[in-house]
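Structural description and commentary
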Amino acid sequence: MPAGMGIRLDDGPGFPGAKITPHYDSLLVKITAKAYKREDAARKLIRALKEFRVRGVTTNKSFLLNVLKNDNFLTGTVTTSFIAENPHLLEPLQERDRAQKLLHYIGEVIINGTPKSLGAVGPPPSPVDPYIPTIETQPREGRSLKQIYDQDGAEAFAKAVRANEGLLITDTTWRDAHQSLLATRLRTIDMLNIAPATSVALRNCYSLENWGGATFDVSMRFLRECPWERLAAMREAVPDIPFQMLLRGANAVGYTSYPDNVVHDFCKVAKETGMDVFRIFDSVNYIENMKLGIDAVGQAGGIVEAAVCYTGDVSDPKKGKYTLEYYLNFVRELEALGIHVLAIKDMAGLLRPEAASLLVGSIREEFPDLPIHVHTHDTAGTGVASMLAAGRAGADAVDAASDAMSGTTAQPPLGALVASTAGTNLDTGLDLNEVSALNEYWEECRGLYAPFESGQKSGSADVYIHEMPGGQYTNLLYQSTQLGLTGQWSSVKKAYAAANRLLGDIIKVTPSSKVTGDLAQFLVANNLTEQDVIDQAETLSFPSSVIEYFQGYLGIPPFGFPEPLRSRVLKGKTIPGTDGKSCFEGRPGAEMAPYDFDATRTKLQEKYRGSTIGDTDLLSYAMYPSVYDEYMEHKGEYGNLSYLDTRTFLTGMKIGQELAVTLEPGKQLVVKLVGIGSPDKDGIVDIQFELNGQPRMAHIKDKSAVGGAQQRLKAIVGVEGSVGAPMPGVVLETKVKRGDKVKAGDPLVLLSAMKMETLVGAPCGGVVKNLVVTAGDNIDGGDLLVEIE
């Protein structure tokens, strides 16, 4: 309640918990201000109104504030037509209402549990709060790599890396490590908590990898955080270590190609927000896609670290078509484009020690001045040996992760590399005691993410068979569970190898790895063999990613597309907006019209009134329109949740528990859960909180009180016109209605399961007799979608 000189309050029935109905005088409270001048009285009223916090009912607060700011009203020159002449007075003011939205989210988790979309299927978070170490700042000798880059540019950075004595380290804990181990679920708050200690312990690192890749998508889609705000907050917390991101070439941080201006603007804004090193790769090593990413980063002023994606085994001349000469030719093409650093991206952990020595040594011999940075995964347990071999062969930097966030499908352990090289010519310049202090934090922090653990107990050499990228392993395992393939993980891994063969033995890294994973799950869910796929390709409803791969959305793979499978998959299919083309003939983005950012800004400003739509919003929407919309809707309902601790974010609170939440410097909420009511006749539960000592209520719908799930009909096996769902998911869109005439292959229903979209096509021609689903329906594999007569 407001107070102060010249302010008087006359109470109405506005006490906490009061029921305000339209059938009674709805006055909550009357406020009067007194001053010598009308303008001074108005200022007092404005201040007092802004101090009011009224929740649970609609008030005229916005109207009163608009009136008190009107010049005509302040001078007293108004008539009875004042409101009609000033309709803007009725426009509502946007209040953040952060506290009530936060209580509403906590209440939602308490009553209805952790949101299913998060995939928190494991044991509950650890009850232990991670200990945050303090590491004393040490004096630095000379300039840091970050200072060299900021002051002298990217070329000077590259020369400093090459001139460094020892082996530089990129710490991947903040990105690829948790993407590989915890399905990319690490939240911003847990990185910021350890940021001060990290900025000291890792001051001599090549970089911190902390952005891009799957983190951009997952932060919005599942964690409901803004990836741009995450980057800005990390940059403020760690100002003197280069930041590194993963850029998917022409795919930016998405799963398909985008117009060129989207990629250029993305890199520009990322650089302005705090990014330094851009590791650029293409999922099929398509040089034309690489050129776009390299040009975009170069124009933005970033450090161009261009990657050659590694698969096969260069140490075995009999191992397929990805030979040493293939990689050397690709490196030659990259070097000719003026890159600053070369990365060898071993996304599945296939780079064995002997192969690392051969590949790195050969590149170093031919390119003595080019910095080489090697990335691997420790899936088979050979990561440390491979990175040491790479260092001895001439690599300047390698990737590692804090010990507690390393191993198996993540990177090799940082502590092991630091200890193994100490005092040698490969000394990392890092102090084992300091990196161990960071590791103690991550040991306890990882316990908070127990619900996302994959259950993998050890490394596995079968990666040399299925070749699944480490960053995809845990995500695909979770997706398979959600798709109803629980207990069939071994089958999915075998199908992954089969899918790779069907696709032409391709480089497998996002987004091409997603294509392979989607096809693998499709094979298992529908009990298909490789020969079945080839024979039935014209009638199967493949995942959209598979169709787009064959249409050339990702570019052209090194050894072309497999035939006759490609022609059969694309039979009767065309690319929208291309005058009937069935596939791209070169770089997809080159054939796309520039993205209309101005029109998108207008659209989003109209859709999200009261929100400031900046360049970062436009870029997020350009790459993930539906995900961005879901994020904004969630933010509108629950507010910004990035400052809520992870345990509460996942499990809510217990009665009697008290929680401190810092919204911003100087603004802290103290929340206490007082009591939980029982559902009323409408299933609404009243939850009583104390907020900064004042009673607050949240009213939550108990979803368990709703009736049981609808029993759906199953498609009839063997009846061609009985069209069933190829796998579980959600109906995104129906493409037909009852009575429509369709031809074989015409789109019927668009389904989504996790990140996989599938357009179900008509298996035969005829008339739509029955459409039994609608947008938003949850369906299981085999459920009837459409009947064609």
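Everything discussed here concerns the structure shown above.
Residues numbered from 1 in each chain as written. Predicted model: local features only at pLDDT ≥ 70, side-chain atom pairs only at ≥ 80, totals over all residues. Heavy atoms only, no water.

**Observations concerning the sheet that holds strand S16 (residues 729–734)**
Spatially, S19-S18-S16-S21 is the arrangement adopted by the four strands of the open sheet, whose pairing is antiparallel. Both edges of this open sheet fall to strand S19 (756–761) and strand S21 (778–779), since each of them pairs with a single strand only. Pairing of S16 with S21, which is carried by two bridges, proceeds in the antiparallel orientation. Bridge pairing in S21 links Val730 to Asn778. (Pairing = 2+ DSSP bridges. Helix = DSSP H or I, 4+ residues; strand = E, 2+ residues; numbered from the N terminus.)

**Notes on helix H13 (residues 287–300)**
Given a rise of 1.5 Å per residue, 14 residues ought to cover 20 Å, and the 20 Å separating the end C-alpha atoms of H13 matches this to within 8%. Regarding H13, the residues found buried are Ile287, Asn289, Met290, Leu292, Gly293, Ile294, Ala296 and Val297. Looking at the residues trailing H13, positive phi occurs at Gly301, about 90°. (Expected span 1.5 Å × (residues − 1). Buried < 20%, exposed > 50% of the residue type's maximum accessible area, 1.4 Å probe, protein only.)

**A short note on empty space enclosed by the protein**
For the coordinates displayed, the defined rule picks out eight cavities of 30 Å³ or more. When its volume is computed, the second largest cavity comes out at roughly 140 Å³. Among the elements that line the lining of the second largest cavity, the one with the most residues is helix H8 (residues 173–181), at three residues. (1 Å grid on protein atoms, 1.4 Å probe; cavity = no way out; pocket = protein on both sides within 12 Å on 5 of 7 lines; lining within 4 Å. Points joined across faces, edges and corners; volume = space filled by probe spheres on them.)

**Details of helix H17 (residues 414–421)**
Considered for burial, the residues of H17 that qualify are Leu414, Gly415, Leu417, Val418 and Thr421. All buried residues of H17 fall inside an arc of 165° around its axis, so they share one side. Buried-residue contacts for H17 involve strand S3 (168–171), helix H16 (383–393), strand S10 (397–400) and helix H18 (432–448). (Arc of directions from axis to C-beta. Contact = heavy atoms within 4.5 Å.)

**Here we look at the sheet that holds strand S11 (residues 658–664)**
Pairing in this open sheet of four strands is antiparallel, and the strands run S11-S12-S13-S14 from one edge to the other. Every interior strand has two partners, whereas the edge strands, S11 and strand S14 (694–701), have only one. Averaged over all adjacent pairs, the angle separating strand axes in this sheet is 35°, with direction ignored. One ladder, built from six bridges, connects S11 with strand S12 (residues 667–676); its direction is antiparallel. Among the inter-strand pairings, Ala660 is bridged to a residue of S12, identified as Val670. The sheet contacts of helix H5 (residues 98–112) involve S11, S12, strand S13 (684–691) and S14, and relative to S14 the element is tilted by about 50°. (Axes fitted to C-alpha atoms, helices over the stretch in contact; angles between N-to-C directions.)

**Section: the packing of aromatic side chains**
What the rule picks out here adds up to 30 aromatic pairs. Their ring planes at 50° and their centres at 6.4 Å tell us that Phe550 and Phe561 sit as a pair that is tilted. Here Phe550, found in helix H24 (residues 544–551), pairs with Phe561, found in the loop between H24 and helix H25 (565–570); they are 11 residues apart in sequence, far enough to count as distant. Like Phe550, the residue Phe561 is buried in the burial classification. Between Tyr621 and Tyr628, the ring centres sit 5.9 Å apart and the planes meet at 85°, which makes this aromatic pair edge-to-face. Judged by relative accessible area, Tyr621 falls into the buried class, the value being 9%. Exposure remark for Tyr628: the relative accessible area of 1% places this residue in the buried category. Three or more aromatic residues joined by ring pairs form one cluster here, namely Trp211, Phe216, Trp228, Tyr255, Phe266 and Tyr624. The ring centre of Phe73 lies 4.8 Å from the NZ or CZ of Arg38, which sits over that ring. (Phe/Tyr/Trp six-rings, centres within 6.5 Å; stacked < 30°, edge-to-face > 60°. Lys NZ or Arg CZ within 6 Å of the ring centre and 35° of its normal.)

**Quick look at the nonpolar core**
Residues Trp211, Phe266, Val374, Trp442, Met623 and Phe689 are the most contacted members of the largest nonpolar core, which totals 158 residues. With residues up to four places along the chain from it excluded, the contact list for Phe266 reads Trp211, Phe216, Trp228, Met245, Leu247, Val253, Leu619 and Met623. In this structure, Met468, Leu476, Leu485 and Phe542 belong to the second largest nonpolar core, which totals 39 residues. (Core = buried A, V, L, I, M, F, W, Y, C linked by side-chain atoms within 4.5 Å.)

**Details of unusual backbone geometry**
Look at the link from Thr510 to Pro511: it is a cis peptide, with omega at 5°. In this fold, Pro511 is placed in the loop between helix H21 (489–503) and helix H22 (512–525). A cis amide bond, omega 10°, links Glu563 with the succeeding residue Pro564. With respect to the helices and strands, Pro564 occurs in the loop between H24 and H25. For Thr408, which is not glycine, the phi torsion reads 45° and is therefore positive. Assignment of secondary structure puts Thr408 in the loop between S10 and H17. Positioned with a positive phi, Asn692 is a non-glycine residue whose angle comes to about 50°. Structurally, the position occupied by Asn692 is in the loop between S13 and S14.

**Details of the pattern of salt bridges**
Going through the model one piece at a time under the given rule, you end up with 42 salt bridges. A salt bridge links Lys581 to Glu591; the nearest nitrogen and oxygen atoms lie 2.7 Å apart. One end of the pair, Lys581, is in the loop between H25 and helix H26 (597–607); the other, Glu591, is in the loop between H25 and H26, with 10 residues separating them in the sequence. Note on Lys581: relative accessible area 25%, which makes it partly exposed. Relative accessible area serves as the criterion here: at 38%, Glu591 is assigned to the partly exposed category. In this structure, Asp777 and Arg712 form a salt bridge, with 3.0 Å as the shortest nitrogen-oxygen distance. Of this pair, Asp777 sits in the loop between strand S20 (766–771) and S21 while Arg712 sits in the loop between S14 and strand S15 (722–724), placing them 65 residues apart in sequence. (Salt bridge = Lys/Arg side-chain N within 4 Å of Asp/Glu carboxyl O.)

**Observations regarding the side chain of Ser207**
With respect to the helices and strands, Ser207 occurs in strand S4 (residues 207–212). Given the relative accessible area of 0%, Ser207 is considered buried. At a separation of 2.8 Å, a polar atom in the side chain of Ser207 contacts the side chain of Thr170. Side chain to side chain, Ser207 and Gln244 meet in a polar contact 2.8 Å long. Look past the residues within four positions of Ser207 in its chain and what remains in contact with it is Ile169, Thr170, Asp171, Ile241, Pro242 and Gln244. (Polar contact = N/O pair within 3.5 Å; in protein donor to acceptor, adjacent residues only side chain to side chain.)

**Concerning the environment of Arg221**
Here Arg221 lies in helix H10 (residues 214–221). Distance in space between the C-alpha atoms of Arg221 and Thr662 is 24 Å, their sequence separation being 441 residues.

**Considering the packing of H26 against helix H27 (residues 615–623)**
Running from N to C, H26 and H27 cross one another at 100°; their axes reach a closest spacing of 10 Å. Judged on the interaxial angle alone, H27 and H26 are roughly perpendicular. Seen from H26, the contacting residues are Phe597, Thr600, Arg601, Lys603 and Leu604; seen from H27, they are Asp615, Asp617, Leu618, Leu619 and Tyr621. For the contact of H26 with H27, a count of residues per class yields five nonpolar, one polar and four charged. (Parallel < 35°, antiparallel > 145°, perpendicular 65-115°, else oblique. Nonpolar A, V, L, I, M, F, W, Y, C, P; charged D, E, K, R; others polar.)

**A word on the environment of Lys735**
With respect to the element layout, Lys735 can be found in the loop between S16 and strand S17 (741–742). Overall, the relative accessible area of 36% leaves Lys735 in the partly exposed class. Taking the C-alpha atoms as reference points, Lys735 and Val749, 14 residues apart in sequence, are found 5.5 Å from one another. Not counting chain neighbours up to four residues away, the residues in contact with Lys735 comprise Pro747, Leu748, Val749, Leu750 and Leu759. Side-chain polar atoms of Lys735 contact the side chain of Glu733, separated by 3.3 Å.

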